[in-house]
Amino acid sequence: MKKRLFSILYMFLLTFFFTSIVSAVKIYSQAKIETNQRVKLQRIILDVLRMPVGEGISNRRVVELFDQRVRETEGKDRTLYVGYAEDGRAITGYAFPVGGPGFWGPIYGMVAVDPSGTEILGVAFYKHSETPGLGARITEDWFTKQFRGLPLRPEEAKKKIFYLKSAGTAQAGNELDAVTGATGTSRAVEAFLNKELAHFLKDIWPEVRKKG
Amino acid sequence: MPKRLTNTQIFVQGLWNDNPVLRQVLGICSTLAVTNLLVNTLVMNAGLVFTVTMSSLTVSLLRKYTPMRIRMMAQTLIIASYVIIVDISIAAYLPDISEALGPYVGLIITNCIVMGRCEAYARNNPPWPSFLDGLAMSLGYSCVLLVIALVREPLGFGTILGQRIMPDGFTPWTIMIMAPGAFFTLGLLVWFLRAYFPLVTQEKKER
């Protein structure tokens, strides 16, 4: 009996001790982790809005730029990030988060459209579980840059906004190069991004227009 | 009780004779998962070295007080605490790598090497040798991972630490990036070592 009580007490004290240490470390690092995540998102938003955030730009500069040039506003089912020109008046674009099923897991990204809502300014993917070197290449510049200037209103109502074709065979304006060796990921991106863009144009954009 | 090993012997055991990956075939999951980029491998190794040495040290310090029946529970708690500390630190100071490693840092908790060393060595030995044993074993693990990463990154991406080293015409071997590439590399490595550097005991048995 005494032995059992000792075991319980021992485990209790040990747990108490280690949980305290872990909690202390967590509290100490919490702010830093949150800043990291916030800055990462801000960098992505600025990037799709085509504001200058290259590799060399420090985190502090990113936060500054974001505070100056971007305002958040609530859209129908997601936050919209409105980009302003340097004078702080003219709107340069609207960014909004998108997401959908990838090949291995969900993919999250950010899309920006121009102020008139007729073409895409930029696209970025920031969270995914695709294979490194294959599907994960959707985050690379050559892939995301293709979306710049993509017209958002298809000529025929039934057509998708864009199609991913095997690299090198893309011809029409709405055909982009897929990632070679990652057919699954490319198909998934084509499916979910088209759906999200259509949803944005149909359900979110009219409201944005009204607000002016 | 077996005779206590000298410090040098502890290192020879951990790095070579009893190498956790090559001889004991432990910790294979993370070996396969994080070796496609050298930089990920380095961070993972640092995390494992910290966890194994600190857990071994702690388990050894508490060895005389921990009741036999609940020792596994206590060990798991100790290991988990250190791993969470590593995980939080990486997320705070190396956010990009933290994302690339994904769940694998947290999975150090279930890495057989950590609990294996606590059970097999630290709970019966004084703190200092236990610390050294943990260090030797985790360095043994690290060396193997580095070798595999040094094969996989150049062949799979054509780079080392992100610097291009392969000639321009080189086509990256996609398979090297994925898990099968690691299986082949590890398999060849184990085969090579067993074939050309058999252990003394192994030799005796074969004769």
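Please refer to the structure placed before this passage.
So, here's what we can say about the structure. (Residues numbered from 1 in each chain as written. Chains lettered and ligands numbered in written order. Predicted model: local features only at pLDDT ≥ 70, side-chain atom pairs only at ≥ 80, totals over all residues.)

**A few points about the overall build of chain B**
Per the secondary structure count, chain B includes ten helices and two strands. Taken from the N to the C terminus, the helices and strands of chain B come in the order α-α-α-α-α-α-α-β-β-α-α-α. Its C-alpha atoms give chain B a radius of gyration of 18 Å, within 12% of the compact-globule value 17 Å for 207 residues. Taking all 207 residues of chain B together, 42% fall into the buried category. Taking contacts inside chain B between residues at least 6 apart in sequence as the whole, the part at least 24 apart equals 77%. (Helix = DSSP H or I, 4+ residues; strand = E, 2+ residues; numbered from the N terminus. Rg over C-alpha atoms; globule rule 2.2 N^0.38 Å. Buried ≥ 20, exposed ≤ 12 C-beta atoms within 10 Å, placed from the backbone. Contact = placed C-beta atoms within 7 Å.)

**Looking at the interface of chain B and chain A**
Contacts between the two partners involve 23 residues from chain B and, on the opposite side, 22 residues from chain A. Counting only elements with at least two residues in the side of chain B that touches chain A, the list comes to helix H4 (71-93), helix H7 (127-157) and helix H8 (174-177) of chain B. Class assignment for the residues of the side of chain B that touches chain A results in 17 nonpolar, five polar and one charged. (Nonpolar A, V, L, I, M, F, W, Y, C, P; charged D, E, K, R; others polar.)

**Section: the packing of H7 of chain B against helix H9 (residues 179-196) of chain B**
Residue and element names in this part refer to chain B. Two elements in contact, H7 and H9, have axes whose closest approach is 10 Å; the angle formed by their N-to-C orientations is 135°. The angle between H7 and H9 places the two elements in the oblique class. As H7 packs across H9, the resulting crossing turns out to be right-handed. Facing Val-147, Ile-148, Val-151, Arg-152 and Gly-156 of H7, the residues of H9 in contact are Gly-181, Ala-182, Thr-185, Leu-186 and Leu-189. In the contact of H7 with H9, the residues fall into six nonpolar, three polar and one charged. (Axes fitted to C-alpha atoms, helices over the stretch in contact; angles between N-to-C directions. Parallel < 35°, antiparallel > 145°, perpendicular 65-115°, else oblique. Left-handed = near helix turned anticlockwise from the far one by under 90°.)

**Looking at the environment of Ile-97 of chain B**
Residue and element names in this part refer to chain B. The residue Ile-97 is located in helix H5 (residues 95-101) in this model. What makes Ile-97 partly exposed here is the crowd of 17 C-beta atoms within 10 Å. Residues Ile-97 and Asn-40 lie 57 residues apart in sequence; the distance between their C-alpha atoms is 6.4 Å. Setting aside residues up to four positions removed in sequence, Ile-97 forms contacts with Val-39, Asn-40, Val-43 and Ile-90.

**Considerations on the pairing of strand E5 (residues 120-127) of chain A**
Residue and element names in this part refer to chain A. For E5, a buried count of six out of eight residues is recorded, marking the element as mostly surrounded by other parts of the structure. As judged from the six bridges shared by strand E4 (residues 106-113) and E5, these two strands associate in the antiparallel manner. Each residue of the ladder has a partner; that of Met-110, found in E5, is Ala-124. Counted along the chain from E4 to the antiparallel partner E5, the turn is six residues long, and its residue Gly-117 has a positive phi close to 70°. (Pairing = 2+ DSSP bridges.)

**Quick notes on the environment of Gly-75 of chain A**
All names here are of chain A. Its place among the elements puts Gly-75 in the loop between strand E1 (70-74) and strand E2 (79-84). You can call Gly-75 partly exposed: it has 18 C-beta atoms within 10 Å. Among residues more than four places away in sequence, those in contact with Gly-75 are Leu-80, Phe-96, Ile-204, Glu-207 and Val-208.

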